[in-house]
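Observations on the three-dimensional arrangement
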Amino acid sequence: MSLKRKDLLSLAPLSVEEITLILDTADSFKEVTGREIKKVPALRGRTVVNLFFEPSTRTRTSFELAAKRLSADVINFSPSSSSVVKGETLLDTARNIEAMQADIIVLRHPSAGAAEALARGVKSSVINAGDGWHEHPTQALLDLYTIRQRGLSFEGLKVAIVGDVAHSRVARSNIYALSKLGAEVRLIGPPTMMPWGVERLGARVYRNLDEGLAGVQVIMMLRLQLERQGRALFPTIREYARLFGLTGERVKLADPGAIVMHPGPINRGVEIAPEVADSLSSVILDQVANGVAVRMGILYLLSGAN
C-alpha cells in the first residue's frame, strides 16, 4: 500500500487512513533501527537530496540517517556554497538537482509555501521539512508515533500545546493531525503568541498555563522562536518562564502518567525546567529516535518501492 500522492507537503489534506499507514509503516522500520546492522535495501539505487535553506541539526541528520538506512544515495545540498548565492531561484536549483536524477527532494525553507511551489515545478517527490510558519509534517508525525508508542489512544486524548504557537510550524501540523484523529487540542500561551482565528482549526485556547494543563495526558512544549518574532512579544524571558514555563509542580496538574514532549532545541529554564526535561515523564529523546523510523517510512511510501 502507498500514499497515492507524489509529495508530503502538509498534514491538512491527509486522511486518518493515510496518517495511520505512515505510523504503521514506521513500526516496521523501528525494528530495523534496533538491529546490529541497521540497513535494508528498500531504496537501493534511489537518490535523496536534502535541500536545506535554514540551519537544522536534528531534522537534516534524521532524514540523512533514514535515507542511508534504506540504502539510498544521499546528497546534502548547502545553498550557502551553491549557485543560490549567485541569484539562482529555488525552482531552478531544484530542476538542476532533478536533472541529476534525484528521486526525492527534502526541503526546508524560511518561506511558507515554498515546498508546495517546488512540488508543482518538479517531477521528483518533495517532502516538506519545515516551511516558514506554515507546517512541519514529519515532526508532527514523529510526535504522533511517540504518543502511540506510549500506548495512548488518540480518540479523546487531551493534548496541551504550550508556548509560541503563532510562529510554530510544528504546532500547526500537530493541530491538523491530532484534531483529525479525535484528540482534544488545547493551545496555551500569551495572546501575542496565539495566531488569530486558530480556534477554527478545532483547538481551544487558554491564557493560563495551570488551567490549561488540568487533566491532560500529553504536554507538548514549544521553543521560543525569538529569531522569527521580529519584536518582543512579552516583557522579559524571565516573565515568560514564570507564567508559561513547565515546572515539576505544573506537571502534577496534568493527568497522572502524562508525557512531556518538545520538538527541540530546548531552552532549559525558559519553556521547560531542567528537572522536567530530564524526568521519567519526558519522551524528548524518544521523539528524536523515532524520527528516523518515521522518516524511513515516509521515504519508503513516497518512493513507490513498495
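Rules used in this analysis
- Residues numbered from 1 in each chain as written.
- Predicted model: local features only at pLDDT ≥ 70, side-chain atom pairs only at ≥ 80, totals over all residues.
- Heavy atoms only, no water.
- UniProt positions renumbered as here; feature names shortened; annotations may be inferred.
- Phe/Tyr/Trp six-rings, centres within 6.5 Å; stacked < 30°, edge-to-face > 60°.
- Helix = DSSP H or I, 4+ residues; strand = E, 2+ residues; numbered from the N terminus.
- Pairing = 2+ DSSP bridges.
- Axes fitted to C-alpha atoms, helices over the stretch in contact; angles between N-to-C directions.
- Contact = heavy atoms within 4.5 Å.
- 1 Å grid on protein atoms, 1.4 Å probe; cavity = no way out; pocket = protein on both sides within 12 Å on 5 of 7 lines; lining within 4 Å.
- Points joined across faces, edges and corners; volume = space filled by probe spheres on them.
- Nonpolar A, V, L, I, M, F, W, Y, C, P; charged D, E, K, R; others polar.
- Domains from an automatic or database assignment.
- Buried < 20%, exposed > 50% of the residue type's maximum accessible area, 1.4 Å probe, protein only.
- Right-handed = clockwise from strand over helix to strand, strands pointing away.

Going by an unreviewed UniProt entry, the protein chain carries the name Aspartate carbamoyltransferase and comes from Nitrospira japonica. Quoted verbatim from the Subunit (unreviewed entry) field of UniProt, the annotation for the protein chain is "Heterododecamer (2C3:3R2) of six catalytic PyrB chains organized as two trimers (C3), and six regulatory PyrI chains organized as three dimers (R2)." If you open the UniProt record of the protein chain and go to Function (unreviewed entry), you find "Catalyzes the condensation of carbamoyl phosphate and aspartate to form carbamoyl aspartate and inorganic phosphate, the committed step in the de novo pyrimidine nucleotide biosynthesis pathway."

In this structure the tally under the stated criterion is 2 aromatic pairs. Arranged with centres 5.4 Å apart and planes meeting at 70 degrees, the rings of phenylalanine 29 and tyrosine 300 form a pair that is edge-to-face. Of the two residues, phenylalanine 29 is situated in helix 1 (residues 16-33) and tyrosine 300 in helix 12 (residues 284-303); the sequence distance between them amounts to 271 residues. Seen in terms of ring centroids, tyrosine 240 and phenylalanine 244 are 5.7 Å apart; in terms of plane orientation they differ by 35 degrees. Their pairing is tilted. Residue tyrosine 240 and its partner phenylalanine 244 are both found in helix 9 (residues 237-244); the two are separated by 4 residues, about one turn of the helix.

Spatially, 4 strands are ordered 2-1-3-4 in an open sheet, and the strand pairing comes out parallel. Edge positions in the open sheet fall to strand 2 (73-77) and strand 4 (125-131), since each of these has one partner strand only. Each adjacent strand pair in this sheet contributes to an overall mean axis angle of 15 degrees, direction not counted. Each of strand 1 (47-52), strand 2, strand 3 (104-109) and strand 4 touches helix 2 (residues 58-69); the most contacted strand, strand 1, lies at about 175 degrees to it.

Bringing the UniProt feature "binding site: carbamoyl phosphate" (unreviewed entry) in the protein chain into the picture now. Here the UniProt-annotated "binding site: carbamoyl phosphate" (unreviewed entry) positions come out as Arg58, Thr59, Arg108, His136, Gln139, Gly264 and Pro265. Within this annotated set, the second largest pocket is lined by Arg58, Thr59, Gln139, Gly264 and Pro265. You can see arginine 58 is positioned in helix 2. When sequence neighbours within four positions are dropped, the list of residues in contact with arginine 58 reads Pro263, Gly264, Pro265 and Val288.

The subject of this paragraph is the layout of surface pockets. Looking at the second largest pocket, its volume works out to about 230 Å³. Every residue lining the second largest pocket is counted, 20 residues in all, and those nearest its centre are Arg58, Thr59, Gln287, Val288 and Ala289. In terms of residue count, helix 12 provides more of the lining of the second largest pocket than any other element does, 8 residues in total. Its residues assigned to classes, the lining of the second largest pocket shows 10 nonpolar, 8 polar and 2 charged. Split by domain, the residues of the lining of the second largest pocket number at least three in each of domain 1 (16-135 + 288-303) and domain 2 (137-285).

This paragraph deals with the pairing of strand 1. Each regular strand displays side chains that alternate between the two surfaces of the sheet. With 6 of 6 residues buried, strand 1 lies mostly within the body of the structure. Neither face of strand 1 is exposed, since Thr47, Val49 and Leu51 on one face and Val48, Asn50 and Phe52 on the opposite face are all buried. The sheet contact formed by strand 1 and strand 2 spans 5 bridges and is parallel. Looking across to strand 2, one finds that valine 49 is bridged to isoleucine 75. The handedness of the strand 1 to strand 2 crossover, carried by helix 2, is right-handed. In the sheet, strand 1 pairs with strand 3 via 5 bridges, with the strands oriented parallel. Residue pairing across strands places leucine 51 opposite leucine 107, the latter belonging to strand 3.

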